[in-house]
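Residue-level structure breakdown
The primary structure of each chain is shown beneath.
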Amino acid sequence: VGVNPNPAHIINMSLGVEPGSLSATTSRAIDEVSERAYRAGTILFAASGNRGYSDHILAPANSPWVYAVGSLDSNYERSSFSNYATDGASVDFMAPGGSNPESGCYFILSTFPDDSYQCEGGTSMASPFVAGVAALILSQEPGLNPAQLETRLVSSSLFDSAYMSRAAYGNGVVCADRALGASTLCGR
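In this report, we go over the structure that sits alongside the text. Since we're looking at a predicted model, the values are computed, not measured. (Residues numbered from 1 in each chain as written. Predicted model: local features only at pLDDT ≥ 70, side-chain atom pairs only at ≥ 80, totals over all residues. Heavy atoms only, no water.)

Throughout the structure, instances matching the rule amount to two salt bridges. Glu35 serves as the salt-bridge partner of Arg39, at 2.9 Å between the closest nitrogen and oxygen. Of this pair, Arg39 and Glu35 both sit in helix H1 (residues 24-39), four residues apart, roughly one helical turn. The exposure class assigned to Glu35 is partly exposed, which follows from its relative accessible area of 27%. Measuring nitrogen to oxygen at the nearest pair gives 2.2 Å for the salt bridge that ties Arg152 to Glu141. Pair noted here: Arg152 is in helix H3 (residues 146-155) and Glu141 is in the loop between helix H2 (123-140) and H3, with a separation of eleven residues, a long-range link. (Salt bridge = Lys/Arg side-chain N within 4 Å of Asp/Glu carboxyl O. Helix = DSSP H or I, 4+ residues; strand = E, 2+ residues; numbered from the N terminus. Buried < 20%, exposed > 50% of the residue type's maximum accessible area, 1.4 Å probe, protein only.)

The subject of this paragraph is the packing of H2 against H3. H3 packs onto H2 with a crossing angle of 110° between their chain directions and a minimal axis gap of 11 Å. In this view, H2 runs roughly perpendicular relative to H3, as classed from their interaxial angle. Seen along the crossing, H2 lies across H3 with a hand that is right-handed. Taken together, the residues of H3 that come into contact with H2 (itself represented by Val130, Val133, Ala134, Ile137, Leu138 and Gln140) are Leu149, Arg152 and Leu153. Of the residues in the contact of H2 with H3, the class split is seven nonpolar, one polar and one charged. (Axes fitted to C-alpha atoms, helices over the stretch in contact; angles between N-to-C directions. Parallel < 35°, antiparallel > 145°, perpendicular 65-115°, else oblique. Left-handed = near helix turned anticlockwise from the far one by under 90°. Contact = heavy atoms within 4.5 Å. Nonpolar A, V, L, I, M, F, W, Y, C, P; charged D, E, K, R; others polar.)

Our next topic: the pairing of strand E5 (residues 108-112). The side chains of a regular strand alternate, residue by residue, between the two faces of the sheet. The pairing of E5 with strand E6 (residues 116-120) spans five bridges and is antiparallel. For Ile108, the partnering residue across the bridge sits in E6 and is Glu120. (Pairing = 2+ DSSP bridges.)

What follows is about the packing of aromatic side chains. One pass over the structure, following the stated rule, counts four aromatic pairs. Considering the side-chain rings of Tyr67 and Phe93, the 6.2 Å spacing of their centres and the 45° angle between planes classify their relative orientation as tilted. A residue pair is termed long-range when its members are at least 10 positions apart, and Tyr67 in strand E3 (residues 67-72) and Phe93 in strand E4 (residues 93-96) qualify at 26 residues. Tyr67 sits in the buried class, given a relative accessible area of 8%. Its relative accessible area of 0% is what places Phe93 among the buried residues. (Phe/Tyr/Trp six-rings, centres within 6.5 Å; stacked < 30°, edge-to-face > 60°.)

As structure tokens, this is what we get:
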């Protein structure tokens, strides 16, 4: 295979599998490929899972080279289905994924084939939100590497220690406005 003249700088993986269902060889392969991509300048995001677990997140989000994204509702509260872990690898960031019954849609209104819209929810909706914010940051500063992108995302996230824990919320809610230089933080 020839050299890709336009390599990806951001990869979103709205997918996940139970880590225990993977062989040790497959788990190692996920980590090795993720590390190679990261070291080559690509930042990776993955869904943490939608089972409501508090003891683990899904693979590949559990890889140390992949940023795990959990889901929250419009009240900035962790969606009840969003996986996290009180020990070990947990979520790194939170983003909209739905579950607030007051919203009418309950989830995220999403474009769908045939020029239509549907309500979709889960950490698979939250993960591309964070990847999209990372892409917007790169559009402003194309020379940033994955570590610098992470720093920008962390420093511009909303974390309220009054009700958020690091295990369940990671670095907090990704706020596109602050990440792109606005003085507001998630509209506040």
